[in-house]
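The primary structure of each chain is shown beneath.
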Protein chains: 2
Amino acid sequence: MTEVKLTRAQIVDLAQRALMASGAEREAAAQVAEATAAAEWSGMPSHGLLYVPVYCEHLRVGKINAAARPTVDRPKPALLTADADSGFAHPAIDAGFRQLVPLARETGIAALAVRNSYNCGLLGHHVDRLARDNLLAIGFTNAPASIAPHGGNRPVVGTNPIAVSVPDMAGGVAVSIDQSASVIAKSEVLKHAREGREIPLGWALDPDGKPTRDAAAALKGSMAPSGGHKGFGLGLIVELFAAAASGAVLSRDASPFSGPDGGPPRTGQFFIALDADAASSGAFAEKVGQLVEAIETQPGAHVPGARKAAARTAADAQGTVSVNPALHEQVARLADAAS
Amino acid sequence: MTEVKLTRAQIVDLAQRALMASGAEREAAAQVAEATAAAEWSGMPSHGLLYVPVYCEHLRVGKINAAARPTVDRPKPALLTADADSGFAHPAIDAGFRQLVPLARETGIAALAVRNSYNCGLLGHHVDRLARDNLLAIGFTNAPASIAPHGGNRPVVGTNPIAVSVPDMAGGVAVSIDQSASVIAKSEVLKHAREGREIPLGWALDPDGKPTRDAAAALKGSMAPSGGHKGFGLGLIVELFAAAASGAVLSRDASPFSGPDGGPPRTGQFFIALDADAASSGAFAEKVGQLVEAIETQPGAHVPGARKAAARTAADAQGTVSVNPALHEQVARLADAAS
């Protein structure tokens with residue numbers, strides 16, 4: 001097939017039309033389409049258009065509530081909660097952020113707990129928004145259980161990423177950390193299983209909790225936590241904020257993020273936004289600059305988020321990114337289907 | 001030597017007298033002595049009386065400012081800052097917590113940034129205090145640089161622990177996570193170097209950034225991050241809060257926590273306290289109970305903090321803990337010295 005190159009606006013348009021043809025409302029579809037384009041633009045196609053057919057299927061079978069009406073409350077002066085009403089996470093997060101940003105500036109620190117939401121895509125995408133508003137931000141999100149506690153064999157937490165985005169205090173992002181609690185993304189194991197290939201030892205465990213090279217056995221077992229018990233500990237920290245403290249469904253009770261079954265996963269997200277300039281009496285930007293320099297002056301070392309930033313710079317210069325032709329055709333068919 | 005068994009009050013008294021004989025003021029010495037006893041009582045002797053001779057030395061050479069006057073400010077409604085004035089971290093943290101606890105209950109979430117403080121000992125000790133006040137708490141603290149970024153060889157962040165303590169909402173601690181960014185504590189490498197023993201591959205890197213079994217080379221090189229680049233990422237998250245956002249000295253610029261040289265390290269801590277009951281609309285305690293049960297019902301698996309809790313229960317039942325006789329004699333000599 002011929003190479004397909006798309007502008008950012010073309011990706012947004014394509015994704016939005018596909019989602020709307022599957023029942024999504026205009027505004028929710030626009031927000032998910034923007035996040036999709038941002039992932040493609042940042043060199044993360046695993047979280048770009050590749051997810052659109054899954055979203056479309058989940059809209060059609062009701063795993064995503066297409067008619068969701070997210071609500072935002074403020075139970076305490078510096079604490080916001082959002083209920084995504086079993087719909088996309090993006091509109092609930094967006095509605096919450098509109099209040100979180102001015103609130104965190106006013107109170108110094110503020111939080112947004114999101115419950116009953118669907119897979120939020122790249123967590124870093126959301127916290128980067130807060131950093132562009134000059135706030136130091138942490139984000140947590142849970143996912144269907146895939147990691148067992150050290151010494152056990154039944155998954156309790158998901159690959160549960162943590163993301164921290166660091167403002168350069170001039171409207172940009174200086175550092176963007178976004179890492180899951182597992183050694184490797186579950187999608188990699190799925191890919192190996194589909195292709196009938198072995199996985200490297202250390203990625204996953206079989207149903208008895210033993211290391212395995214068999215991708216199919218791994219999918220029935222659990223993902224290996226990054227750094228052993230410390231990876232599970234980090235996944236548990238994320239679970240405590242994204243699920244327990246937000247009132248969302250625990251990872252072990254959430255329906256899968258793939259496949260048509262189980263109804264809405266109703267997982268959660270938790271965001272904390274800090275006025276780091278006020279906390280540090282104005283020292284923050286200079287200290288971040290020193291940290292970035294201490295890393296970047298080492299040959300071979302990179303500041304977390306640097307690869308994504310470089311991909312965005314390259315895409316901006318080119319005006320387009322390459323998209324897998326078969327995937328493009330699949331999403332275009334979805335976009336052109338009658339809703 | 002005969003076995004030495006001490007009550008909790010005896011450990012507090014011993015440590016407090018040793019610190020005061022080295023110049024510490026009564027209240028600061030009492031707080032550090034309480035933390036010392038708590039570590040012994042929790043089965044963590046590595047952070048108990050073993051540190052008292054180091055503290056005494058550092059008081060005498062001025063790495064700890066014995067006359068420190070910690071101050072607490074509130075630059076924004078939900079944000080507290082404390083300056084430890086180059087003294088012990090404990091009095092600054094304590095003064096900050098007196099305001100942080102009622103503030104977090106009122107605003108839903110609040111933070112305390114501590115700068116210019118010394119090694120805070122077990123980070124979990126501090127966040128556990130917040131959990132006993134029914135708050136879900138995160139703590140970060142930085143330490144002299146010992147971990148290099150992935151691909152580099154110059155340390156940028158310390159073993160920088162993160163701690164999360166989870167209230168059972170009845171005045172107790174349900175889960176207590178306290179983990180460093182490195183594979184192993186630096187004190188283990190120091191111990192192997194002193195004893196002339198090899199360290200296992202995977203613990204540390206030599207000055208060229210290559211894995212090493214040579215403990216002395218490791219001390220000139222860097223500690224291996226837990227889970228590779230993800231361990232460095234976690235250490236960097238901690239650094240961003242504990243040092244950059246608190247206005248403390250960066251890990252790469254901090255004087256060592258051992259040895260007489262370099263003056264006060266002036267590192268930092270950052271604490272976030274959340275009313276998780278309000279954030280979850282009352283669901284938090286039940287969800288935490290479900291998470292704990294999902295872990296504890298797996299043979300061989302333990303909730304983080306369970307070993308420390310079991311040690312405390314055993315110590316309470318016995319009324320005493322065993323202390324290394326040579327260490328006891330050393331601290332007793334310090335306690336009985338004229339100040």
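Residues numbered from 1 in each chain as written. Chains lettered and ligands numbered in written order. Predicted model: local features only at pLDDT ≥ 70, side-chain atom pairs only at ≥ 80, totals over all residues. Heavy atoms only, no water.

Caption draft 1: Just the nonpolar core, in detail. The biggest cluster of nonpolar side chains holds 102 residues, and the ones touching the most others in it are Phe 140 of chain A together with Phe 140 of chain B. Among all residues touching Phe 140 of chain B, those that are not within four sequence positions of it are Ile 138 of chain A together with Leu 123, Pro 161, Ile 162, Ile 237, Val 238, Phe 241, Ala 242, Gly 268, Gln 269, Phe 270 and Ile 272 of chain B. (Core = buried A, V, L, I, M, F, W, Y, C linked by side-chain atoms within 4.5 Å. Buried < 20%, exposed > 50% of the residue type's maximum accessible area, 1.4 Å probe, protein only. Contact = heavy atoms within 4.5 Å.)

Caption draft 2: Representation of empty space enclosed by the protein in the model. Enumeration according to the criterion identifies five cavities of 30 Å³ or more in this entry. Considering only enclosed or pocket space, the largest cavity measures out at about 110 Å³ in volume. What lines the largest cavity is a set of 14 residues, among which Ser 226 and Leu 234 of chain A together with Ser 226, Lys 230 and Leu 234 of chain B lie closest to the centre. Broken down by secondary-structure element, the contributors of at least two residues to the lining of the largest cavity are helix 8 (229-244) of chain A together with helix 8 (229-244) of chain B. Residues that form the lining of the largest cavity fall into these classes: four nonpolar, eight polar and two charged. Val 32, Ala 35, Thr 36, Ala 39, His 47, Tyr 55, His 90, Cys 120, Gly 121, Leu 122, His 125 and His 126 of chain A together form the lining of the second largest cavity. Counting residues per element, the ones that place at least two in the lining of the second largest cavity are helix 2 (26-41) and helix 5 (123-132) of chain A. (1 Å grid on protein atoms, 1.4 Å probe; cavity = no way out; pocket = protein on both sides within 12 Å on 5 of 7 lines; lining within 4 Å. Points joined across faces, edges and corners; volume = space filled by probe spheres on them. Helix = DSSP H or I, 4+ residues; strand = E, 2+ residues; numbered from the N terminus. Nonpolar A, V, L, I, M, F, W, Y, C, P; charged D, E, K, R; others polar.)

Caption draft 3: Examining the interface of chain A and chain B more closely. Tallying the contact residues gives 79 residues for chain A and 79 residues for chain B. Both faces considered, chain A and chain B share a buried interface measuring about 5,900 Å² in area, 69% of it formed by carbon and sulfur atoms. Looking only at chain A, the three residues that lose the most surface to chain B are Lys 230, Leu 291 and Gln 298 of chain A, adding up to 11% of its buried area. Here chain A and chain B share two salt bridges between them. With a closest N to O distance of 3.4 Å, Lys 76 of chain A and Asp 275 of chain B form a salt bridge. The interface formed by chain A and chain B holds 26 residue pairs in polar contact (both at pLDDT 80 or more) in total. (Buried area = accessible area lost by both parts, 1.4 Å probe. Salt bridge = Lys/Arg side-chain N within 4 Å of Asp/Glu carboxyl O. Polar contact = N/O pair within 3.5 Å; in protein donor to acceptor, adjacent residues only side chain to side chain.)

Caption draft 4: Up close: helix 2 (residues 26-41) of chain B. Its 16 residues place the ends of helix 2 of chain B 22 Å apart at the C-alpha level, agreeing with the 22 Å of an ideal helix rising 1.5 Å per residue. Judged by how many residues are buried, helix 2 of chain B sits mostly within the fold: 13 of 16 residues are covered. (Expected span 1.5 Å × (residues − 1).)

Caption draft 5: View of helix 1 (residues 8-21) of chain B. All names here are of chain B. The terminal C-alpha atoms of helix 1 lie 20 Å apart, and with 14 residues this matches the ideal 20 Å at 1.5 Å per residue to within 8%. Where helix 1 is buried, its residues touch strand 1 (4-6), helix 2, helix 3 (52-61), strand 11 (321-323) and helix 12 (325-336). Following helix 1 by one or two positions, Gly 23 has its phi on the positive side, about 115°.

Caption draft 6: Just the pattern of salt bridges, in detail. Considering all chains together, one arrives at 20 salt bridges over all chains under this definition. Asp 133 of chain A is the partner of Arg 105 of chain A in a salt bridge, and the nearest nitrogen-oxygen pair spans 3.6 Å. Linking Arg 105 of chain A in helix 4 (residues 89-107) with Asp 133 of chain A in the loop between helix 5 and strand 5 (136-141), this pair joins segments that are 28 residues apart in sequence. Accessibility expressed as a relative area gives 30% for Asp 133 of chain A, which makes it partly exposed. A salt bridge links Arg 252 of chain B to Asp 253 of chain B; the nearest nitrogen and oxygen atoms lie 3.4 Å apart. Taking the relative accessible area as the measure of exposure, Arg 252 of chain B reaches 36% and is therefore partly exposed.

Caption draft 7: The domain arrangement of chain A, seen in detail. Residues and elements named next belong to chain A. Its domain assignment divides chain A into domain 1 (1-61 + 305-339), domain 2 (68-180 + 227-301) and domain 3 (183-224). Interface area lost by domain 2 to domain 3 is led by Ser 146, Asn 153 and Thr 159, which between them contribute 57%. Our enumeration of links across domain 2 and domain 3 arrives at zero salt bridges. For the pair domain 2 and domain 3, the number of links is two residue pairs in polar contact (both at pLDDT 80 or more). When the residues that make up the side of domain 2 that touches domain 3 are grouped by side-chain class, the tally is three nonpolar, three polar and no charged. (Domains from an automatic or database assignment.)

Caption draft 8: Expanded view of the packing of aromatic side chains. Going through the model one piece at a time under the given rule, you end up with 16 aromatic pairs over all chains. For the ring pair Phe 97 of chain B and Phe 271 of chain B, a centre distance of 5.0 Å and an interplane angle of 80° mean the geometry is edge-to-face. With a gap of 174 residues between them, Phe 97 of chain B in helix 4 (residues 89-107) and Phe 271 of chain B in strand 10 (residues 267-274) connect regions that are remote in the sequence. As far as burial versus exposure is concerned, Phe 97 of chain B and Phe 271 of chain B are alike and both buried. A ring pair is formed by Phe 140 of chain B and Phe 241 of chain B, whose centres lie 4.9 Å apart and whose planes are at 20°; its orientation type is stacked. Of this pair, Phe 140 of chain B sits in strand 5 (residues 136-141) while Phe 241 of chain B sits in helix 8, and the two are 101 residues apart along the sequence. With a relative accessible area of 2%, Phe 140 of chain B lands in the buried category. An aromatic cluster is present here, built from Tyr 51, Tyr 55, Phe 88, Tyr 118 and Phe 257 of chain A joined pairwise through their rings. (Phe/Tyr/Trp six-rings, centres within 6.5 Å; stacked < 30°, edge-to-face > 60°.)

Caption draft 9: Looking closely at the sheet that holds strand 2 (residues 71-76) of chain A. Residues and elements named next belong to chain A. The strand order 2-3-4-10-5-6-7 describes an open sheet built from seven strands, whose pairing is mixed. Sheet topology places strand 2 and strand 7 (173-179) at the edges, where each strand pairs with a single neighbour. Put simply, the sheet's adjacent strands are angled 15° from each other on average, direction ignored. Both strand 4 (residues 109-117) and strand 10 (residues 267-274) contribute to a ladder of seven bridges, which runs antiparallel. Along strand 10, the bridge assignment pairs Val 114 with Gln 269. Strands strand 4, strand 5, strand 6 (162-167) and strand 10 of the sheet are contacted by helix 8, whose axis makes an angle of about 95° with strand 5. (Pairing = 2+ DSSP bridges. Axes fitted to C-alpha atoms, helices over the stretch in contact; angles between N-to-C directions.)

Caption draft 10: Expanded view of the confidence of the model for chain A. On average, chain A scores 96 in pLDDT, and the residues at 70 or more come to 99%. Interface scoring of the predicted complex returns ipTM 0.97; its pTM is 0.97. (pLDDT = per-residue confidence, 0-100.)

Caption draft 11: Molecular detail of the relation of the copies chain A and chain B. Of the transformation placing chain A onto chain B, the axial shift is 0.0 Å and the rotation is 180°, giving an RMSD of 0.0 Å. Here the transformation between the copies is reduced to the relation of a two-fold axis. Closest to the rotation axis within chain A is the C-alpha of Gly 227 of chain A, separated from it by 2.0 Å. Interface overlap between copies is the fraction of interface residues in one copy that are interface residues in the other; for chain A against chain B it reaches 100%, indicating a shared surface. (Least-squares fit on C-alpha atoms with pLDDT ≥ 70 in both.)

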